[in-house]
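# Analysis of the macromolecular model
Here's the letter readout for the chains.
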Amino acid sequence: MRNVPDSLLRHDKRHAWIAFAALAIMLLALPFATDALLGRGWVRIVDFALLYIMLALGLNIVVGYAGLLDLGYIAFFAVGAYCYALLGSPQFGLHWPFWIVLPLGALLACVFGVLLGAPTLKLRGDYLAIVTLGFGEIIRIFLNNLNAPVNITNGPQGISMIDPVRIGGFSLGSTHELFGLTFPSVHLYYYLFLCVTLLVIFVSLRLEDSRIGRAWMAIREDEVAAEAMGINTRNIKLLAFAMGATFGGAAGGLFAGFQGFISPESFGLTESVMIVCMVVLGGMGNIRGVVLGGVLLVLLPEALRHGAGPAQHALFGKTLIDPESLRMLLFGLALIVVMLVRPAGLWPSTQRRRELSPDEDVVHQEQDTVYDSSK
Amino acid sequence: MTAANNVLLDLSGVGKRFGGLAALSDVSLHIRRGEIYGLIGPNGAGKTTLFNVVTGLYQMDDGQFTFDGIAYDRCKPHVLAQAGIARTFQNIRLFANMSALENVMVGRHLRTRAGIWGALTRNAGARAEERAIVKRARDLLHYVGIASPHQTLAKHLSYGEQRRLEIARALATDPKLLALDEPAAGMNATETESLKALLQTIRASGVTVLLIEHDVKLILGLCDRVAVLDYGRKIAEGVPEEVRRNPAVIAAYLGGEAA
């Protein structure tokens, strides 16, 4: 055990609690602060950031833990979103309650995850990426064309007037007065998404440090060796696909309820690539890194969108480049720079840090040496 | 114990072809419980191919393969690992970005049960199992003699320790047969000596060892019995002293170098 004085340990613990409390208060106050400082539109962007963090964490299980490059991950998001939309909108006149539809969407996405996983088990690396990319496109094209001969998805027009998330009689789609505070709809969704994101983080953390998580990482590191050590790689890989897809489906359902309108356009290849970017840029396999990646990749383009125009005016007195195209340019540049400077991601996996800091093993070892020399 | 009961691994008439090349033809051998069995032969003789057949990486084309009284045919590596065959690799295949401890913990996978539910709830059963995994892994790291901190990434261990870590990982699967593919490759004399001691300890603990090795001195000093492969055929088998004097072996292998 570590030879740290008790007083220091208590000190450490108190610090952790203070940091934790500060973070909690910050997260609780975030929508109000954002609303006051930047406007309501930014609260909406923060909501989207949370949705994308959920997606990135789901994909992190497949890409970061199990090492299976999935370029069609948005398809599971689409499956969850359409499941929610079809069962909770005037499209079929169904208005099933949220707490049935959301798990159902997640479950359906899970089934699709296994359906995608099963035929691709033998593929690795680039080949897997290409097949998953195709899968993502197939789902989108299906959604685009399932309006004839029988109209299911309403085709490119998408589905509108989707029911907002309603928990009991409490609809998140309208403004509420609670504890003397006014909670607009975007604020309410923020808290819902925050809860779900925290749940997803919790699940990821628990899985990471478990027998299953180690099996995923073993497959990522060396599939042949993993199988030789008795890991049933087929089942464990399918489990990774299924878990990742479940998170994607749940995020999709929340997205549909939040947005009130979905169309195939929201589920294109760009979105898939964006989520992969979040995972890779943030630091594959590290939850904090993935969250950071998600936040940056949602906020950065938005900040550039709002900042690029005024900045040009200030510098040149007129708009030289359309802010919309400029922001993607700068965004691409930022990605390249990050990958050049920090190839392992902004916040790489903890293990590298772990081996730099002495831990109990070193102490053990030192004790052993002392013991040996005294013999 | 009867004679049949005494045999752990029994191969008869095993053949394996890659296209037109017969990498193994009609190889029969049996390994008894508790012995250290050596497999030698010149480069390209089919040692590693035989090894891969035994551990399920390759599927044999002809022959029978019985392990611990049960016939296995076209089995995946993980099924054979479950049955009790663990292996190391000629070119080290550790989980490079996982710690030494985690590498061994992965070896416990097939002897433990916790699933998603156990991972999420961390109930009493899952916690106890996890503690047992960590304890066993630590014990094994000490057992094979890895002095580096257990949290060191596998890729940062020294070469000799990586070889030992592979053995620890294989032992974590509770094998009946430990199959080692050139464990002494690239080791200096001192390292080879301590490896020899480790293998003797492992055998003394009741694990049967199958060993491929180029280091003839190690094989002759360590193995109870030796088989010699040449061009995919078994040309000799017996106690080391006997094999060393076998004219076919001298011609095929030792002679070429000793002359």
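Provided above is the structure to which this section pertains.
Presented here is an overview of the structure given in this document. All of these numbers come straight from a predicted model, not from anything done at the bench.

Regarding its fold elements, chain B presents 11 helices and 10 strands. Over its C-alpha trace chain B gives a radius of gyration of 19 Å, about what one expects of a compact globule, namely 18 Å for 259 residues. Its C-alpha atoms put chain B at 65 × 40 × 40 Å along the principal axes. Out of the 259 residues in chain B, the part that is buried amounts to 54%. Within chain B, contacts between residues at least 6 apart in sequence are counted, and of these 67% link residues at least 24 apart. Summing over all exposed atoms, chain B offers an accessible surface of approximately 10800 Å²; the carbon and sulfur share of this is 52%. Of the side chains in chain B, 31 bear a positive and 26 a negative charge, and the two mean positions are spaced by 6 Å.

What follows concerns the overall build of chain A. Helix and strand counts for chain A come out as 14 helices and six strands. Looking at chain A as a whole, 48% of its 375 residues qualify as buried. A fraction of 72% describes how many contacts in chain A between residues 6 or more apart in sequence connect residues 24 or more apart. Carbon together with sulfur atoms contributes 69% to the accessible area of chain A, which is approximately 18300 Å² in total.

The next thing to look at is the interface of chain B and chain A. Between chain B and chain A, the contact holds 46 residues from the first and 37 residues from the second. On inspection of chain B and its partner chain A, the count reaches three salt bridges. Of the charged contacts, one joins Asp222 of chain A and Arg93 of chain B as a salt bridge, the two residues approaching to 2.8 Å between their closest N and O atoms. Summed over the shared surface of chain B and chain A, the number is 10 residue pairs in polar contact (both at pLDDT 80 or more). Tallying contributions element by element places helix α6 (residues 124-144) of chain B first for the side of chain B that touches chain A, with five residues. Classifying every residue of the side of chain B that touches chain A gives 20 nonpolar, 15 polar and 11 charged.

Moving on: the sheet that holds strand β1 (residues 7-18) of chain B. Residues and elements named next belong to chain B. On the basis of which strands lie adjacent, the open sheet formed by four strands has the order β2-β1-β4-β5 and antiparallel pairing. A single partner strand is all that each edge strand has here, and the edge strands are β2 (21-32) and β5 (70-71). In the sheet, β1 pairs with β2 via eight bridges, with the strands oriented antiparallel. By the bridge assignment, Lys16 is partnered in β2 with Leu24.

This brings us to unusual backbone geometry. Even without glycine at this site, Asp174 of chain B takes up a positive phi of about 55 degrees. One can find Asp174 of chain B in the loop between α7 (159-171) and β7 (177-181).

Quick look at the packing of helix α3 (residues 74-87) of chain A against helix α9 (residues 233-259) of chain A now. Residue and element names in this part refer to chain A. It is the contact of α3 with α9, at a shortest axis distance of 6 Å, that shows an interaxial angle of 45 degrees. One element, α3, and the other, α9, form an angle in the oblique class. When you trace α3 past α9, the crossing you get is right-handed. Touching Phe76, Phe77, Gly80, Ala81 and Tyr84 of α3 are Ala245, Gly248, Gly249, Ala251, Gly252, Gly253, Phe255, Ala256 and Gly257, all from α9. Grouping the amino acids of the contact of α3 with α9 by side-chain chemistry returns eight nonpolar, six polar and no charged.

This part is about the pairing of strand β4 (residues 62-67) of chain B. Residues and elements named next belong to chain B. Strand direction decides the pairing type here: β1 and β4, joined by five bridges, are antiparallel. Bridge assignment links Leu11 to a residue of β4, and that residue is Phe65. The pairing of β4 with β5 spans two bridges and is classified as antiparallel. In the strand pairing of β5, Thr66 is matched with Ala71. Where β4 folds back onto β5 in an antiparallel hairpin, the turn is made up of two residues, including Asp68, whose phi is positive at roughly 55 degrees.

Cut-offs used in this document
- Residues numbered from 1 in each chain as written.
- Chains lettered and ligands numbered in written order.
- Predicted model: local features only at pLDDT ≥ 70, side-chain atom pairs only at ≥ 80, totals over all residues.
- Heavy atoms only, no water.
- Helix = DSSP H or I, 4+ residues; strand = E, 2+ residues; numbered from the N terminus.
- Rg over C-alpha atoms; globule rule 2.2 N^0.38 Å.
- Buried < 20%, exposed > 50% of the residue type's maximum accessible area, 1.4 Å probe, protein only.
- Contact = heavy atoms within 4.5 Å.
- Areas by Shrake-Rupley, 256 points an atom, 1.4 Å probe, with all protein chains shown as cover.
- Lys, Arg positive; Asp, Glu negative; His and termini not counted.
- Charge placed at Lys NZ, Arg CZ, Asp CG, Glu CD.
- Salt bridge = Lys/Arg side-chain N within 4 Å of Asp/Glu carboxyl O.
- Polar contact = N/O pair within 3.5 Å; in protein donor to acceptor, adjacent residues only side chain to side chain.
- Nonpolar A, V, L, I, M, F, W, Y, C, P; charged D, E, K, R; others polar.
- Pairing = 2+ DSSP bridges.
- Axes fitted to C-alpha atoms, helices over the stretch in contact; angles between N-to-C directions.
- Parallel < 35°, antiparallel > 145°, perpendicular 65-115°, else oblique.
- Left-handed = near helix turned anticlockwise from the far one by under 90°.

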